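# Fold and geometry: a report
Spelled out, the chains give:
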Amino acid sequence: RLAVPEENKPIHLRSPRSRCSKRPQAPHMSHSRLRAPREAVDSERAWRSKRRMTAFAIPSGETGGGVHRFPADRPLRLDSGALLAPLEIAYKTYGVLNEEKSNAVLVCHALTGDQHAASTHPVTGKPGWWSRVIGPGLPLDPARHFIICEPYALSFPVITIADMVRAQAMLIEAFGIETLFAVVGGSMGGMQVLQWAADYPEKLFSAICIAAAARHSAQNIAFHEVGRQAIMADPDWRGGRYQLAGV
């Protein structure tokens, strides 16, 4: 009988799972142990509020805006076939457009946003909804970029994301801008970013889509319908014409 050299003997490996009957469990921790102290939370909120109100103030000389009015012979054609004319688009700008007109950034706001992205709202007095992104030393810096933000109104007919983007493209063209350095937006604004990339790929250098998707799931559609019904259930709904109704 020949002896098999030790180095030639087969090696049988056991699966690591076979060595233990259960996977190690993380120690149980109650929610109360994971909560930050109340005073720490209040301090953080106060700091964030103060930061939004006072930090990164944009010099008044670098802000602008107004309402651009298109002539009646330049209507906005909607996907529904309706025409909007004469078209008026309100907008807000931060920064200065350079001579090459190559530093323009279009900010597409979410459902509840408006053009006051980084400046105090003239009616509510609240700070801009994106003052943590637009400002000196921030990702969208008015010292380097010409930032444009425009709103839309409920008095419009039923409109689509493509309709919104078509109106934005008309405004950008009115500024004499051939190519946007970037189109940025989150949520519904992110959907507009995707629409920009699909409809006008030659008109933008980059697209930044945040917290958005090309289509909604059935659950997402249902949640939005719940939100719409909650708003329209307001006794002072008045078809959304709050200002006209004085409510």
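Above this note sits the structure.
Residues numbered from 1 in each chain as written. Predicted model: local features only at pLDDT ≥ 70, side-chain atom pairs only at ≥ 80, totals over all residues. Heavy atoms only, no water.

Before going further, it helps to examine the overall build of the protein chain. Scanning the protein chain from N- to C-terminus turns up six helices and eight strands. Along the protein chain, helices and strands appear, N-terminal first, in the series α-α-β-β-β-β-β-β-α-β-α-β-α-α. Looking at the 247 residues of the protein chain, the share that counts as buried comes to 29%. When contacts within the protein chain are restricted to residue pairs at least 6 apart in sequence, long-range pairs at least 24 apart make up 66% of them. Taken as a whole, the protein chain presents about 17000 Å² of accessible surface, with 56% of it coming from carbon and sulfur. (Helix = DSSP H or I, 4+ residues; strand = E, 2+ residues; numbered from the N terminus. Buried < 20%, exposed > 50% of the residue type's maximum accessible area, 1.4 Å probe, protein only. Contact = heavy atoms within 4.5 Å. Areas by Shrake-Rupley, 256 points an atom, 1.4 Å probe, with all protein chains shown as cover.)

Here the focus is the nonpolar core. Counting 29 residues, the largest nonpolar core has L106, I148, I177, L180, V183 and W196 as its most contacted members. When residues of this core are traced back to their parent elements, those giving at least two are β4 (88-94), β5 (104-108), β6 (146-149), α3 (161-174) and α4 (188-199). Of the residues forming this core, the biggest block, eight residues, is contributed by α3. Setting aside anything within four residues of it in sequence, one finds I148 in contact with K92, T93, V105, L106, V107, L171, I172, F175 and I177. (Core = buried A, V, L, I, M, F, W, Y, C linked by side-chain atoms within 4.5 Å.)

A complete count under the given rule lists six salt bridges for this structure. Note that R74 is salt-bridged to E173, the shortest N-O span being 3.9 Å. You can see R74 sitting in the loop between β1 (63-69) and β2 (76-77) and its partner E173 sitting in helix α3, a full 99 residues away along the chain. Judged by its relative accessible area of 33%, R74 is partly exposed. For E173, a relative accessible area of 52% corresponds to the exposed category. With a closest N to O distance of 2.8 Å, R166 and D163 form a salt bridge. One end of the pair, R166, and the other, D163, are both in helix α3, three residues apart, so they sit about a helical turn from each other. Salt bridges linked by common partners bring D79, D163 and R166 together as one network. (Salt bridge = Lys/Arg side-chain N within 4 Å of Asp/Glu carboxyl O.)

Tallied over the entire structure, the rule returns five aromatic pairs. Residues Y91 and F175 carry aromatic rings whose centres are separated by 5.3 Å and whose planes lie at 90° to one another, so their mutual orientation is edge-to-face. Residue Y91 is found in strand β4, and its partner F175 is found in the loop between α3 and β7 (182-186); the two are separated by 84 residues along the sequence. Judged on exposure class, the residue Y91 and its partner F175 are both buried. Taking the centre distance of 5.2 Å and the plane angle of 50° together, the rings of W196 and Y200 count as tilted. With respect to burial, W196 and Y200 carry one shared label: buried. Taken together, the ring pairs in this structure connect Y91, F146 and F175 into an aromatic cluster. (Phe/Tyr/Trp six-rings, centres within 6.5 Å; stacked < 30°, edge-to-face > 60°.)

Next up on the list: α4. Along an α-helix, residues three or four apart share an orientation, since each turn contains 3.6 residues. Along its 12 residues, α4 runs 16 Å from first to last C-alpha, staying within 8% of the 16 Å computed at 1.5 Å per residue. By the burial criterion, the buried members of α4 are M188, G189, G190, Q192, V193 and W196. In this structure, the buried side of α4 is in contact with β5, α3, β7 and β8 (207-210). (Expected span 1.5 Å × (residues − 1).)

Attention now goes to the packing of α3 against α4. One can describe the packing of α3 onto α4 by two numbers: an axis separation of 9 Å at closest approach and a directional angle of 70°. Taken as axis vectors, α3 and α4 run roughly perpendicular relative to one another. Note that α3 runs across α4; the crossing there is right-handed. Of the residues in α4, those touching α3 at I161, A162, M164, V165, Q168, A169 and I172 are M188, M191, Q192, Q195, W196 and D199. (Axes fitted to C-alpha atoms, helices over the stretch in contact; angles between N-to-C directions. Parallel < 35°, antiparallel > 145°, perpendicular 65-115°, else oblique. Left-handed = near helix turned anticlockwise from the far one by under 90°.)

On to the pairing of β6. Of the two faces of β6, the one holding F146 and I148 and the one holding I147 and C149 are both buried throughout. Summarising the sheet, β4 and β6 pair through three bridges and their orientation is antiparallel. Bridge assignment links Y94 to a residue of β6, and that residue is I147. Relative to β6, β5 runs parallel, the two sharing four bridges. Bridged to A104 within β6 is F146. (Pairing = 2+ DSSP bridges.)

Taken in spatial order, the six strands line up as β1-β4-β6-β5-β7-β8 in an open sheet, and their pairing is mixed. The open sheet terminates on both sides in strands that have one partner only, identified here as β1 and β8. The average angle at which neighbouring strand axes cross in this sheet is 20°, direction not considered.

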